[in-house]
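Coordinate inspection notes
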Amino acid sequence: MGKTDFLSPKAIANRIKSKGLQKLRWYCQMCQKQCRDENGFKCHCMSESHQRQLLLASENPQQFMDYFSEEFRNDFLELLRRRFGTKRVHNNIVYNEYISHREHIHMNATQWETLTDFTKWLGREGFCKVDETPKGWYIQYIDRDPETIRRQQEQEKKKKQDLDDEEKTARFIEEQVRRGLEGREQEEPIYTELNRENDEEKVVFNLNKGASTSTAAHAKASPLGSSALKAVGTVPTVKRKEMSPNSGQSKEKKKKKKTALDEIMEFEEENKKSARTDHWLQPEIVVKIITKKLGERYHKKKAVVKEVIDKYTAVVKVIDSGDKLKLDQTHLETVIPAPGKKVLVLNGGYRGNEATLESINEKTFSATILIETGPLKGRQVEGIPYEDISKLA
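First things first, this report covers the structure right here in the doc. Just so you know, these numbers come straight off a predicted model, no measurement behind them.

As for the packing of aromatic side chains
How two aromatic rings sit relative to each other is set out by the distance from centre to centre and by the angle between their planes. By the definition in use, this model includes twelve aromatic pairs. On the numbers, 6.4 Å between centres and 15° between planes, the contact of F118 with W121 is stacked. In this pair, F118 and W121 are both assigned in helix 6 (residues 115-125), three residues apart and thus about one turn of the helix distant. The same class applies to F118 and to W121, which are both buried.

A closer look at the pairing of strand 12 (residues 354-361)
Note on strand geometry: in a regular strand, side chains alternate between the two faces of the sheet. In this sheet, strand 12 lies alongside strand 11 (residues 342-345) in antiparallel orientation, the contact comprising three bridges. Paired with K342 across the bridge in strand 12 is T356. Here strand 12 pairs with strand 13 (residues 366-371) via six bridges, running antiparallel. Directly across from N361, in strand 13, lies its bridge partner S366. Between strand 12 and strand 13, which follow one another and run antiparallel, lie four residues, and F365 among them has a positive phi close to 55°.

A closer look at unusual backbone geometry
Most peptide bonds adopt trans geometry, and most residues besides glycine take a negative phi value. With a phi close to 65°, E284 is a non-glycine residue in the positive phi region. Along the chain, the position of E284 falls in the loop between helix 11 (260-274) and strand 6 (286-289). In this model, K300 sits at a positive phi of 60°, which is unusual for a non-glycine residue. Topologically, K300 is positioned in the loop between strand 6 and strand 7 (302-309).

Digging into the sheet that holds strand 7
Here five strands make up an open sheet; going across it, the order is 9-8-7-6-10 and the pairing antiparallel. Either end of the sheet is taken by a strand with one partner, and the two such strands are strand 9 (324-328) and strand 10 (332-334). For this sheet, the mean inter-axis angle between neighbouring strands, taken without regard to orientation, is 45°. Bridge count between strand 6 and strand 10: three bridges; the pairing is antiparallel. For K288, the partnering residue across the bridge sits in strand 10 and is E333.

A closer look at the nonpolar core
By size, the foremost hydrophobic cluster in this structure holds 22 residues, and its most contacted members are F72, F76, L80, V94 and F118. When residues of this core are traced back to their parent elements, those giving at least two are helix 4 (61-84), helix 5 (91-99), helix 6 and strand 5 (136-141). Considering every element that reaches this core, the biggest residue donor is helix 4, with seven residues. Other than its neighbours up to four places away in sequence, L80 contacts G85, V89, V94, C128, I139 and Y141. One finds L281, Y298, V305 and V318 within the second-largest nonpolar core, a separate group that totals 16 residues.

Reading the values: rules and limits
Residues numbered from 1 in each chain as written. Predicted model: local features only at pLDDT ≥ 70, side-chain atom pairs only at ≥ 80, totals over all residues. Heavy atoms only, no water. Phe/Tyr/Trp six-rings, centres within 6.5 Å; stacked < 30°, edge-to-face > 60°. Helix = DSSP H or I, 4+ residues; strand = E, 2+ residues; numbered from the N terminus. Buried < 20%, exposed > 50% of the residue type's maximum accessible area, 1.4 Å probe, protein only. Pairing = 2+ DSSP bridges. Axes fitted to C-alpha atoms, helices over the stretch in contact; angles between N-to-C directions. Core = buried A, V, L, I, M, F, W, Y, C linked by side-chain atoms within 4.5 Å. Contact = heavy atoms within 4.5 Å.

Structure follows, in structure tokens:
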């Protein structure tokens, strides 16, 4: 087999050398030269060019180490930002991609001895979010680019503006419904009982419809007065007048099925059921963290709401670790306890009342509760959605 053959040892060594896959111990960072074996590295160390580089480095070794450390950090973070963005990734994956470049700065020329030390340093300096798991160290790049921060602020502002518009629309609709209900109540006739204060007083009916009006007016205008009405007692119109009180009373009995108190209570209950808002956070309730932006450490963990800020943001305390986090309500969800436990109503007509969970309907995603506080204490309410109640801490 000739020396120029594709499978010859020299050809294979040249291909490996061109990819930069030689051993790190045979690499000279000062001269940026990769040797193929121990003998080549020894010859390089004895060369005149290498000796000159050592003399330059011996004058100020800290300056060279700081330069290499800064270059290594900048290249590593640039690769992390460009390749992975703000995703959570294993530090060894990023390092393997970094060293695949032939002209990279080697770690043995920097101030960090191991990749773990470098990862911890990134977390302390605030360049990345780091966390240790049984599988190793994970890092997440923190993007502090002014353009990115401005874009995020604009998105949050737009989201808040959309929520405000929705709340204004809901209030406008509720106001229109309330005005419509009030107008309908005013248009309905009011029925009263027929009571006579004096038994000797005559009962007078004023019917303002059709021929009856003309007859009544003619009777009032005639000089005969009441005697004329008695004389024409056989006239059908007068019979209708005599029959009208009984018919009015029968209609009154038919329509008077509900008392005024019952109508007021029904009206208040309808208003309460329609009084829904787009914010539901309340202090001292148990919630679950559903966002993955904080990593696996807090995902699906339960926490207690300690403080509510601007209706849509809450300061929560994680039950397991005791850590305090500031989260938006879109990153949280309610917690449904076992039947018999205390819950707090977060939305709807019974908002703010404590209750006892009696049963859960998994098909309709609703629950049945018993109100424990407020003027409606002791009332059983069915069909309360899961998102309207949460466990009390």
